[in-house]
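# A structural walkthrough
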Amino acid sequence: MLNNALIKKFESILGKNNCFTEPEDTMCYSYDAFSAEPVQPDIVVKPQNEEQIKYIINICKDENIPIVTRGAGTNLSGGTVPVKKGCVLLTTCLNKILEINENDMYAVVEAGVVTANLANAAIKKGLFYPPDPGSVNISTIGGNVAENAGGLRGLKYGVTKDYLMGVDFYDMDGNYVKGGGKTVKLVTGLNLPGLMISSEGLLGIMTKFVLKLIPKPKFSKSMLVIYDDVIKACETVSEIIAAKILPATLELLDSFTIKTVEEATKIGLPTNADALLLIELDGHEAQVLEDFEAVKDICIKLGGNIKVAETAQERDKLWEARRKALSSLARLKPTLILEDATVVRSKIPEMMKAINDIKNKYNLVIGTFGHAGDGNLHPTILTDKRDKEEMVRVEKAIDEIFAKALELDGTLSGEHGVGFAKAKYLEMEVGSGTIEYMKKLKKGVDPQNLLNPHKMGL
Ligand SMILES: Cc1cc2nc3c(=O)[nH]c(=O)nc-3n(C[C@H](O)[C@H](O)[C@H](O)COP(=O)(O)OP(=O)(O)OC[C@H]3O[C@@H](n4cnc5c(N)ncnc54)[C@H](O)[C@@H]3O)c2cc1C
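Parameters and conventions
The residue numbering used here restarts from 1 in each chain and proceeds along that chain's sequence as written. Selection of residues for local features in this predicted model requires a pLDDT of at least 70, selection of side-chain atom pairs for listing and counting requires 80 or more, and totals for whole chains, interfaces and linings are taken over all residues. Working from all heavy atoms in the structure, the side-chain values ignore hydrogens and water. Strands qualify as paired when DSSP identifies two bridges or more between them. Elements are defined by DSSP. Helices are runs of H or I of four residues or more, strands are runs of E of two residues or more, and each kind is numbered from the N terminus. Lines fitted to C-alpha atoms define the axes here, with helix axes fitted over just the stretch in contact, and angles between the N-to-C directions of these axes take values from 0 to 180 degrees. Pairs of residues are marked as contacts when any of their non-hydrogen atoms sit within 4.5 Å. Here a residue counts as near a molecule or strand whenever at least one of its heavy atoms sits within 4 Å of it. Any pair of nitrogen or oxygen atoms within 3.5 Å is treated as a polar contact; in protein, a donor-acceptor pairing is required on top of that, and neighbouring residues in sequence qualify only through side-chain atoms on both sides. To measure how exposed things are, a 1.4 Å probe is used in the Shrake-Rupley method; for residues, cover is taken only from the protein chains shown. Here the nonpolar group is Ala, Val, Leu, Ile, Met, Phe, Trp, Tyr, Cys and Pro; Asp, Glu, Lys and Arg are the charged ones; every other residue, Gly included, is treated as polar. For every residue, the accessible area (1.4 Å probe, protein chains only) is compared with the maximum for its type, and the residue is labelled buried under 20%, exposed over 50%, or partly exposed between those bounds. The distinction between a cavity and a pocket rests on a 1 Å grid over the protein atoms alone: a 1.4 Å probe fits inside a cavity but cannot get out, while a pocket stays open yet meets protein on both sides within 12 Å along at least five of seven lines, and a residue with an atom within 4 Å of a point counts as lining. Grid points are joined across faces, edges and corners, and a volume is the space filled by probe spheres set on the points. Patch building starts from residues that exceed 30% relative accessible area and form no salt bridge, then joins like charges within 9 Å and nonpolar side chains (Val, Leu, Ile, Met, Phe, Trp, Tyr) within 5 Å. In what follows, salt bridge is the name for a side-chain nitrogen of Lys or Arg lying within 4 Å of a carboxyl oxygen of Asp or Glu.

Here the focus is the sheet that holds strand β16 (residues 335-338). Strand order in the open sheet formed by seven strands is β15-β12-β14-β13-β17-β18-β16, and the pairing between neighbours is antiparallel. Only two strands of the sheet have a single neighbouring strand rather than two, namely β15 (305-308) and β16. Ignoring strand direction, the axes of neighbouring strands in this sheet form an average angle of 20°. With six bridges connecting them, strand β13 (residues 249-254) and strand β14 (residues 275-283) associate as antiparallel partners. Across the sheet, the residue bridging to T249 is E280, located in β14. Contacting β13, β17 (365-371) and β18 (376-383), helix α13 (residues 348-361) crosses the sheet at an angle of about 10° to β18. Strands in contact with helix α14 (residues 388-407) are β16 and β18; relative to β18, the strand with the most contacts, it is inclined by about 170°.

Encoded structure:
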């Protein structure tokens, strides 16, 4: 608990309007998009510039106060829940796009820039910032880097790490650190942008980024493919990849998710389908058209019924179906647990089958959708955390989903990070030696364990 003298110290640097200590204010920062028990921080601060961040760090270090950096709070692994209370630092006011360099194709942005704002600013200059999480209209670039956010275009264009060239951050001594830069090639010193990717606020407070931009694709074509067997839809995904075709988007919705999205949006999805694939190809027109025909053949061979989006409005509808998956499912039950099991792509059919078996075994409501082309499925468990008996079954189901993903050469998290949601599973994937190394690294840069303590179990 902070005393009045300390609160005054924060206020003298940030101004009263940028410090919040009243319970009704701090409550808003006690949770994020992961359903966990909320923990209210002692103080929430809204720095207006980097100088203020440095002061906040110095106070917190001197007074042993934990700091949780928070972008939009949309993470799905409990990463911004201040489990040891202390200070939540909001990056919302660091929201400037400082430069979009058309000739050298990069952008320099502050940490609190909303991802869609950067993508739209790039498009206006004929450039493209591909990382496209479902939360693109809310999440921040800082949060995207800290979580290595993926999204709907990961299959062809990669994820946030593939666009991070440089990062500025402050360490827990208040030192300014600069990693990477603006050149395409750069091998000076340790790869600090690589270190900060997926760091989940544990190693420093990031303030600025240099991000790679690429030319905007000139042509795209989208289709919806309807299946009466979800496994056939998954096999289609594996076959498209095996045919060495890389769609920009290759998304899957299972039958439960289709019905739920349709109930919520009324956009005309086929509610009797067992699965849908949403496929978009982009690039040079001739290549797109050639690949499109090949993809169609594969889909038809595996029993898919194809609907091509002929207009921009039809294409937007398809994207809406996918983007509304999570929010539509969230309407059904009080507690939503969105998992992130990811496997090598040829094993998608096996993973999907395992999820369905686990759902039946534990008699749970699970809707599955996801970036199937990346091997990244989101089995989404709908439950009520007040139902203790059901929560025991949920826990067992999650254990089995993760175990299966690892058995299929996969990972616990393709894009949502570890936070505290998956901390207990981390060793299962990386082993104790790796955890020890992570602990040494964390201790080296943050010996008092003040930066987002307890996340990843560190
Ligand atoms: C509807 C919905 C759809 C989503 N779809 C996707 C998807 O398709 N792909 C995907 O990858 N994720 C997705 N997510 C998850 C989430 O949006 C991403 O993890 C996103 O990157 C989080 O950004 P944020 O600004 O909300 O970060 P926050 O949630 O505020 O923070 C996330 C983590 O980053 C740390 N952090 C934030 N800013 C900084 C900084 N400046 N310096 C240091 N640490 C920092 C925090 O401490 C925390 O550990 C989705 C979430 C929702 C709610």
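What follows covers the site of the ligand. Around the ligand, a shell composed of 36 residues is seen, among which T69, G71, T74, S135 and T140 lie nearest. Between the ligand and G150, the relevant distance is 2.8 Å, taken from an oxygen atom to a main-chain nitrogen or oxygen of the residue. About the coverage of the ligand: the protein hides 94% of its 980 Å² of free accessible area. Breaking the shell around the ligand down by element, the ones donating at least two residues are β3 (67-70), α5 (141-147) and β10 (205-212). The residue makeup of the shell around the ligand, split by class, is 10 nonpolar, 22 polar and four charged.

Moving on to the pairing of strand β4 (residues 87-90). Residue alternation in β4 divides its side chains into two sets, C87 and L89 and V88 and L90, and both sets are buried. Relative to β4, strand β2 (residues 43-45) runs parallel, the two being bridged by three bridges. In the sheet register, I43 faces β4, and the bridge partner there is C87. When β3 meets β4, the two strands line up parallel, connected through four bridges. Each bridged residue has a counterpart across the sheet, and for V68 the counterpart in β4 is V88.

Once that is clear, we can look at the layout of surface pockets. Size it by volume and the largest pocket reaches roughly 950 Å³. As for the largest pocket, its lining consists of 47 residues, of which T74, N75, L76, S135 and S139 are closest to the centre. Within the residue set of the lining of the largest pocket, elements represented by two or more residues are β3, α5, β10, α11 (312-323), α12 (325-330) and β17. Among the elements that line the lining of the largest pocket, the one with the most residues is α5, at five residues. Looking at the second largest pocket, its volume works out to about 800 Å³. Lining the second largest pocket are 37 residues, and of these N148, I197, S198, E200 and S413 lie nearest its centre. Of all the secondary structure elements, the ones that give two or more residues to the lining of the second largest pocket are α6 (154-157), α15 (426-430) and α16 (432-445). Here the lining of the second largest pocket takes four residues from α16, the largest share from any one element. Taken together, the residues of the lining of the second largest pocket sort by class into 15 nonpolar, 13 polar and nine charged.

Moving on: the sheet that holds strand β1 (residues 19-20). With respect to topology, four strands assemble into an open sheet ordered β1-β2-β4-β3, the strand pairing being mixed. What marks the edges here is a single partner per strand, and that holds for β1 and β3. Relative to β2, β1 runs antiparallel, the two sharing two bridges. When the sheet's bridge partners are listed, C19 is paired in β2 with V45.

Let's shift gears to a nonpolar patch on the surface. On the surface, L195, Y437 and L441 cluster together into a nonpolar patch covering about 280 Å² of accessible area. Among the secondary structure elements, Y437 is positioned in helix α16.

Counted by the stated rule, this structure contains 30 salt bridges. E110 serves as the salt-bridge partner of K96, at 3.7 Å between the closest nitrogen and oxygen. Of the two residues, K96 is situated in the loop between β4 and β5 (97-101) and E110 in strand β6 (residues 106-110); the sequence distance between them amounts to 14 residues. Assessed through its relative accessible area of 10%, E110 is described here as buried. With its nearest N and O atoms 3.6 Å apart, the salt bridge here joins E99 to K182.

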